[in-house]
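Inside the fold
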Amino acid sequence: MSTRIGIVGMPNAGKSSLFNALTSAGAEAANYPFTTIEPNVAVVPVRDERLELLERVARQARGGERAALAEEAWLARVISELQAGRPARGVPVPDDAPNAARDLGSLTAKPVLYVANVDEGSEELPSGLAEHAAARGASAIAISSRIESELAELDGDDAAAMRAELGVSESGLQRVVAAAFSLLELIAFFTAGEDKPAQSWHMRDGLTAWHAAGEIHSDIQRGFVRAEVIGWRELVDAGGYAGARERGTLRLEGRDYAMRDGDVITVKFTP
C-alpha cells in the first residue's frame, strides 16, 4: 500500500533540499526562487519497527515456540478486531504470552474511564453511559465540572460543608482516582514505621508482601524475612503500634501473604 505526502512552502524555503534529504532523489536545488517549477516525485520505503516485530513473532511461531504461537494467534485476533472497528482491549491476552499486550503497545488496548460532566449536585451517570462503558470493558463516573471549579476556590471546611449541602460524597479528584485504581486493579498500601513518616505505595491487586517489599526497595525484597502487617483503620483505632501490639492486631506474615488495600506494612529483612 502506498501513501502520498507532499512538501509545500514559500519559494526558496528549502523544499527541494528537504526533499533530497528525505529521498536522496537528487532534485535540482538552488538559492533563488522558482528553480523547480514541476514537482519532483520519489518513492521511498517506510520502515516500521512494529511490522518488524509483528515479523519476529511470525518467525518464532514457525519455529514452534509455544509463547510465539500464542502471541501470533492473539495478534491475528487483535488485527481482526481493529479491522472491524473494535478496540484491542476486547481480546484477552493468552496465558502463554502474558506480555503480548505490553509488547504491542496498542492505544486501544489501554483501559478507558469515561468521565461525564453532569449538572451540579448530581452524581448520576447519563442514561445509557454505564451500559455503553460496560459493553466495552470500560468504567464511567459522573462529575460536575462547575461545582468542582467552585469548590476548588474554597478552603477545606467550607468545601466540605458545601459538598454536604449539595449531597456530593467526595471530591471529583477522589472519585476519579478511586475509579482509575479500580479499573487498573491497583491497591494502595502504606509504610509507617515508628520512627519514619507515613508513605503511600501502589501495586497490582492480588500481589504479595514480597512484591510489596520490592515496591519499597529491591534490597528489601531480596532480603525479605517477614512482614508486620495491620490494616490502616486498626492502626489508627489503636493509637499507634504500641496499642496495636497490646490489642494483638499487629500480625506477622510471610512472603506469600496477599496484600489488601489499606494495609500498613513493615518489612523485616536481612541486608
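First, a word on scope: everything that follows refers to the structure included in this document.

Each helix and strand in the protein chain was counted, giving twelve helices and seven strands. The contacts in the protein chain between residues at least 6 apart in sequence include a share of 48% that link residues at least 24 apart. Here the protein chain has roughly 18300 Å² of accessible surface; of this, 52% comes from carbon and sulfur atoms.

Next up on the list: the environment of Thr249. With respect to the helices and strands, Thr249 occurs in the loop between α12 (241-247) and β6 (251-253). Contacts of Thr249, omitting those with residues within four sequence positions, involve Val229, Ile230, Glu234 and Ala244.

This part takes up the packing of helix α6 (residues 145-152) against helix α7 (residues 156-166). At their nearest, the axes of α6 and α7 sit 9 Å apart, and the two run at 150° to each other. It follows from the interaxial angle that α6 and α7 lie roughly antiparallel. Handedness of the crossing formed by α6 with α7: right-handed. Of the residues in α7, those in contact with Ile147, Glu148, Glu150 and Leu151 of α6 are Ala159, Met162, Arg163 and Leu166. Of the residues that constitute the contact of α6 with α7, the class distribution is five nonpolar, no polar and three charged.

To continue, consider the pattern of salt bridges. Scanning the entire structure with this criterion turns up six salt bridges. Here Glu81 and Arg86 are joined by a salt bridge, their closest N and O atoms 3.0 Å apart. Residue Asp103 is joined to Arg102 by a salt bridge in which the shortest nitrogen-to-oxygen separation is 3.6 Å. Its relative accessible area of 42% is what places Asp103 among the partly exposed residues.

What follows is about the nonpolar core. Ranked by size, the top nonpolar core spans 15 residues in total, and within it Phe189, Ala209, Met259 and Ile265 carry the most contacts. When contributions to this core are tallied by element, the ones reaching two or more residues are β3 (186-191), β4 (199-204), α9 (209-216), β5 (224-231) and β7 (263-269). Residues within four places of Ile265 in sequence aside, it is in contact with Phe189, Phe190, Thr191, Ala209, Ala212, Ala227, Glu228, Val229 and Met259.

Turning our eyes to something else, we now look at unusual backbone geometry. The phi torsion at Glu185 lies on the positive side, around 55°, for a residue other than glycine. Tracing the backbone through its elements, the reader meets Glu185 in the loop between α8 (172-184) and β3.

Structurally, the position occupied by Asp263 is in strand β7. As a buried residue without a salt bridge, Asp263 has its nearest oppositely charged side chain in Arg251, at a separation of 4.6 Å. A distance of 2.8 Å separates polar atoms of two side chains, one belonging to Asp263 and the other to Tyr257. Not counting chain neighbours up to four residues away, the residues in contact with Asp263 comprise Ala188, Phe189, Phe190, Val229, Ile230, Gly231 and Tyr257.

Okay, the environment of Leu154 next. The residue Leu154 is located in the loop between α6 and α7 in this model. When its relative accessible area of 35% is taken as the criterion, Leu154 is described as partly exposed. Residue contacts for Leu154: discarding those within four places in its chain leaves Ala159 and Met162.

In this fold, Arg175 is placed in helix α8. For Arg175, a relative accessible area of 11% puts it in the buried group. Setting aside its immediate chain neighbours within four residues, Arg175 contacts Glu123, Ile141, Ala142, Ile143, Glu148, Val168 and Glu170.

Let us now look at the pairing of β5. Counting buried residues in β5 gives six out of eight residues, a clear majority hidden from the surface. Here three bridges tie β5 to β6, and the two strands are oriented antiparallel to one another. The partner of Glu228 across the bridge, within β6, is Leu252.

Conventions used here
- What you see as residue numbers is a count from 1 along each chain, following the sequence as written.
- A pLDDT threshold of at least 70 governs which residues receive local features in this predicted model, and a stricter bar of 80 or more applies before side-chain atom pairs are shown or counted, although totals over entire chains, interfaces and linings include all residues.
- The side-chain numbers reported here are obtained from all heavy atoms of the structure, hydrogens and water having been left aside.
- The secondary structure listing takes helices from DSSP runs of H or I that are at least 4 residues long and strands from runs of E that are at least 2 residues long, numbered from the N terminus.
- The contact criterion used throughout is that any non-hydrogen atoms of two residues lie within 4.5 Å.
- Only the protein chains shown count as cover for residues, with accessible areas throughout obtained via the Shrake-Rupley method and a probe of 1.4 Å.
- To obtain each axis, a line is fitted to C-alpha atoms, and for helices this fit is confined to the stretch in contact; angles are then taken between N-to-C directions over 0 to 180 degrees.
- For classification purposes, an angle smaller than 35 degrees is called roughly parallel, one larger than 145 roughly antiparallel, one from 65 to 115 roughly perpendicular, and anything else oblique.
- Left-handed describes a crossing whose near helix is turned anticlockwise from the far helix by less than a right angle; the clockwise case is right-handed.
- Amino acids outside the nonpolar list (Ala, Val, Leu, Ile, Met, Phe, Trp, Tyr, Cys, Pro) and the charged list (Asp, Glu, Lys, Arg) are all regarded as polar, and Gly is one of them.
- Counted as salt bridges are all cases of a side-chain nitrogen of Lys or Arg within 4 Å of a carboxyl oxygen of Asp or Glu.
- Buried, partly exposed and exposed residues are distinguished by accessible area as a fraction of the type maximum, computed with a 1.4 Å probe on protein chains only: under 20%, between the cut-offs, and over 50%, respectively.
- Definition of nonpolar core: a set of buried residues of the types Ala, Val, Leu, Ile, Met, Phe, Trp, Tyr and Cys, connected through side-chain atoms within 4.5 Å.
- Only four residue types enter the tally: Lys and Arg on the positive side, Asp and Glu on the negative side; His and the chain ends are excluded.
- Two N or O atoms form a polar contact when they lie within 3.5 Å of each other; inside protein one atom must be a possible hydrogen donor and the other a possible acceptor, and for residues adjacent in sequence the pair counts only when both atoms belong to side chains.
- Two strands make a pair as long as DSSP finds a minimum of two bridges between them.

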